[in-house]
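Commentary on secondary and tertiary structure
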Amino acid sequence: MRMSRFKTVLLTGFVGTAILGSPAGYMGDARAGEYGEVDAQFRTLYFNRDKSGLPDSEAFTQALMLSDKTPQVKEFVRVNASLFGNLKLVGEDDRGGTGALRDGDSGSQSSYMKLAEIYAKFSLPYDTGLDVGRMRLRTPLLSDSDFRATPSTTQAAKITFNL
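Residues numbered from 1 in each chain as written. Predicted model: local features only at pLDDT ≥ 70, side-chain atom pairs only at ≥ 80, totals over all residues. Heavy atoms only, no water.

Focus: the overall build of the protein
Scanning the protein from N- to C-terminus turns up two helices and eight strands. Of the regular secondary structure in the protein, the N- to C-terminal order runs α-α-β-β-β-β-β-β-β-β. Out of the 163 residues in the protein, the part that is buried amounts to 31%. In the protein, of all internal contacts separated by at least 6 residues, the share reaching a separation of at least 24 is 50%. Put simply, the protein shows about 10500 Å² of open surface, and 57% of that area lies on carbon and sulfur atoms. (Helix = DSSP H or I, 4+ residues; strand = E, 2+ residues; numbered from the N terminus. Buried < 20%, exposed > 50% of the residue type's maximum accessible area, 1.4 Å probe, protein only. Contact = heavy atoms within 4.5 Å. Areas by Shrake-Rupley, 256 points an atom, 1.4 Å probe, with all protein chains shown as cover.)

Printed below as a string of structure tokens:
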């Protein structure tokens, strides 16, 4: 299987950013938090669904979630952003419909990349926080699904506080 130019650029960008993203953090610098944080998470997903009377669905993907948290400005606000990408390893054109890859009009499957999270995190008085933007919600009452290669995100405003 020949890797296309897009896949090569995507993979090189992922690996390069993950390795070079935060040198202070990798070297154990005590001041690494002053420069923000970079986090890379990798997932591999294989999905195969047998369908009665319809073509089967199959995909094998390598996903990357690359997150960047800026340093806190004046101990008041920081910006968090995440890039989600899903690289097609196997996904034949007539076996789409898995939801793991982008489906084309002709039944083709392709890799994708998206800016999944971008939100501001405000530190307010009395141990209160306000998050505004597109984010993954992980609360007891509302939680975005996280069972595929790239999790879903929600546009929201979230207030947290301690009693």
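Looking at unusual backbone geometry
Although it is not a glycine, Tyr126 adopts a positive phi angle of roughly 65 degrees. Phi is positive for Asp127, close to 55 degrees, though the residue is something other than glycine. Looking at the secondary structure, you find Asp127 in the loop between β6 (112-124) and β7 (128-135). A relative accessible area of 54% places Asp127 in the exposed class.

Observations regarding the sheet that holds strand β3 (residues 77-90)
Spatially, β1-β2-β3-β6-β7-β8 is the arrangement adopted by the six strands of the open sheet, whose pairing is antiparallel. Looking at which strands have only one partner, the edges of the open sheet turn out to be β1 (37-49) and β8 (154-161). Shown here is a sheet whose adjacent strand axes are inclined to one another by a mean of 15 degrees, direction ignored. Strand direction decides the pairing type here: β6 and β7, joined by seven bridges, are antiparallel. Bridged to Ser123 within β7 is Gly129. (Pairing = 2+ DSSP bridges. Axes fitted to C-alpha atoms, helices over the stretch in contact; angles between N-to-C directions.)

A closer look at the packing of aromatic side chains
Counted according to the given criterion, the structure contains two aromatic pairs. With a centroid separation of 6.1 Å and 65 degrees between ring planes, the pair formed by Tyr46 and Phe60 is classed as edge-to-face. One end of the pair, Tyr46, is in strand β1; the other, Phe60, is in strand β2 (residues 57-69), with 14 residues separating them in the sequence. For Phe60, a relative accessible area of 29% corresponds to the partly exposed category. (Phe/Tyr/Trp six-rings, centres within 6.5 Å; stacked < 30°, edge-to-face > 60°.)

Focus on the side chain of Arg78
For Arg78, the position within the fold is in strand β3. A distance of 3.0 Å separates a polar side-chain atom of Arg78 from the backbone oxygen of Thr70. Each residue touching Arg78, except ones within four places of it in the same chain, is listed here: Glu37, Lys69, Thr70, Pro71, Gln72, Tyr119, Ala120 and Lys121. (Polar contact = N/O pair within 3.5 Å; in protein donor to acceptor, adjacent residues only side chain to side chain.)

Quick look at a nonpolar patch on the surface
Where nonpolar side chains cluster on the molecular surface, the patch consists of Val79, Leu115 and Ile118 and spans about 260 Å² of accessible area. In this structure Ile118 comes out as partly exposed when scored by relative accessible area, which is 45%. (Patch = residues over 30% accessible without salt bridge, like charges linked within 9 Å, V, L, I, M, F, W, Y side chains within 5 Å. Salt bridge = Lys/Arg side-chain N within 4 Å of Asp/Glu carboxyl O.)

Observations regarding the pattern of salt bridges
Pairing is possible between side chains that carry opposite charge, provided their charged atoms lie close to one another. The final tally for this structure, using the stated rule, is four salt bridges. In this structure, Arg78 engages Glu37 in a salt bridge whose closest nitrogen and oxygen atoms are separated by 3.8 Å. Here Arg78 is found in strand β3, whereas its partner Glu37 is found in strand β1, with 41 residues between them in sequence. For Glu37, a relative accessible area of 41% translates into the label partly exposed. A salt bridge links Lys121 to Asp131; the shortest N-O distance between them is 3.3 Å. Taken together, the positions of Lys121 in strand β6 and Asp131 in strand β7 put the pair ten residues apart, joining distant regions of the chain.

By themselves, these are just geometric observations and shouldn't be taken as functional.
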